[in-house]
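# Inside the fold
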Amino acid sequence: MKIKISAAVIAVSLLLMLSLSACMNFTSTADRGAEACYRQLNAGLDHLREQLPAITKSAEHAAEAYVRDEFAISSSGEPGLVSESLGRAGGLTAITKIGSASAAKTKTIVLLFPSTATLEKDLTAMTEIQKQGGMIILFGKSSMADAAKKAGLTVDCFIDTGFPRPSAGHDRAGAGFPADSIMNMAALWCWTGEFVAACTRLGKMPPLYQSYSVPGSRERAEKLRGSKFHSETPEPVLAGTLGNQYLSALKESLTMLNEKELDHIRLVAEQAESAVRSGHTAYISAMGHALNAHMPLVKETGHLTPFKADTPLGKGDFIFAIAYDDIFPKLLDDSRKAEAVMAWSLTDYKTAPGTGPGAIPPGQIFINQRWALGDAVVTVPKYDINILPSSGVMAETILWMTLAEIDLLETSN
């Protein structure tokens, strides 16, 4: 028996096969790349919101010690997170650093972000703090809490920032994407907001920095130097209010980033991958409290090489510069002379010619970090400034979304 197959049937079959192939390819990359990182972060923020009651309870306990028992407040552990907590727009002016190998001279509340590289050292230092009556607030994955217990450290509160993991079979959400680090950063500011609110309910308002990009902010900071509290009695803020505000603001910013900047992130990744494929070097030059400390993590991925001031640029090299609110003029000039390719990420409120995005030459990619002048997204009733910054989270997210996209390109080719 002979079976005749028409040309139409063959065509339909081929289309189905092509469609199936496309679907299979989509499935294989659905949990990778920049967009997968964005989805992970959204899930992480939802995870933090679920923990808000525990964060608030911890902050209330700390505020009692800070206001009534005259405790100090400090941070310790992973250098990037410690740096993020200190001297930050919208952050506490009174917070100080505790060296991982030294103990505080007075009782203190310690926001502890253990580093896997120095875990034993970090935890040992905290046992000394605790012996002096200090309070330990531990941020991290459950494995960090387990390690603290094994080290004999009884933490006063554990904030679980362990990241929701991808589904089985999709564990490459982006070149070693340091989700826990970004979640620790978000949790730091969420906790800070609840700490401030708890202090107001005790009749005290701790001073917080205003971004030095705002005119008059340096003079304001100088007036507050050495002050543990403002002299005015604050309006009490309900529990959960400031933490929720911060998480909602981050969600909104991340949504805008994904909707408006994802194509730009992908273009940067393509330029970096193309430079390397052509035998050139793809560099990263970044400025930020946490970003500077996380360059070794970036180097480990092998996708971007941290740029140094004495690095010789060559024709065809690529540089991705992540700044704050303005460009790096010398780097731009050096890249022009070397005929290297540049791309940028910074925020957009500087509108004068020759500054901010306006200083980026035509044809160079610009990823907008999308945060406003003041770098603070939470309003405290009757306080003179907004508090809690988003720039650190946004800059770090852009970096790792870009690295995830480069990873996707390199492993797909």
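Residues numbered from 1 in each chain as written. Predicted model: local features only at pLDDT ≥ 70, side-chain atom pairs only at ≥ 80, totals over all residues. Heavy atoms only, no water.

This part takes up the pattern of salt bridges. Pairs can form between side chains of opposite charge once their charged atoms are near each other. For the structure shown, the criterion picks out 18 salt bridges. In this structure, Glu 84 and Arg 88 form a salt bridge, with 3.4 Å as the shortest nitrogen-oxygen distance. For the pair shown, Glu 84 and Arg 88 are each scored as buried. Residue Arg 266 is joined to Glu 405 by a salt bridge in which the shortest nitrogen-to-oxygen separation is 3.5 Å. Of this pair, Arg 266 sits in helix α9 (residues 241-277) while Glu 405 sits in helix α13 (residues 391-412), and the two are 139 residues apart along the sequence. Here Glu 405 falls in the buried class, since its relative accessible area comes to 8%. Among the charged side chains, a salt-bridge network with shared partners connects Glu 35, Arg 266 and Glu 405. (Salt bridge = Lys/Arg side-chain N within 4 Å of Asp/Glu carboxyl O. Buried < 20%, exposed > 50% of the residue type's maximum accessible area, 1.4 Å probe, protein only. Helix = DSSP H or I, 4+ residues; strand = E, 2+ residues; numbered from the N terminus.)

Turning our eyes to something else, we now look at helix α5 (residues 119-131). Its 13 residues give α5 an end-to-end C-alpha distance of 19 Å, which sits within 8% of 18 Å, the value for a rise of 1.5 Å per residue. Listed as buried for α5 are Asp 122, Leu 123, Ala 125, Met 126, Thr 127 and Ile 129. Contact partners of the buried residues in α5: β1 (72-77), β3 (108-113), β4 (135-140) and α6 (142-150). Downstream of α5 by a residue or two, Gly 133 has a phi angle that is positive, lying close to 90°. (Expected span 1.5 Å × (residues − 1). Contact = heavy atoms within 4.5 Å.)

One can find Ser 75 in strand β1. Accessibility expressed as a relative area gives 0% for Ser 75, which makes it buried. Polar side-chain contacts of Ser 75 include one of 2.8 Å to the side chain of Ser 85. Residues within four places of Ser 75 in sequence aside, it is in contact with Val 82, Ser 85, Leu 86, Ile 95, Thr 96, Lys 97, Ile 98, Val 110 and Leu 111. (Polar contact = N/O pair within 3.5 Å; in protein donor to acceptor, adjacent residues only side chain to side chain.)

With parallel pairing, five strands are arranged side by side in an open sheet as β7-β6-β8-β9-β10. With one partner strand each, in any of the chains shown, β7 (305-306) and β10 (365-368) form the two edges of the open sheet. Sheet topology places strand β6 (residues 282-286) next to strand β8 (residues 318-322); five bridges connect them, and they run parallel. Its bridge partner lying in β8, Tyr 283 is registered against Ile 319. Its contacts with the sheet place helix α12 (residues 329-338) against β6, β8 and β9 (341-346), and it is angled at close to 160° to β9. (Pairing = 2+ DSSP bridges. Axes fitted to C-alpha atoms, helices over the stretch in contact; angles between N-to-C directions.)

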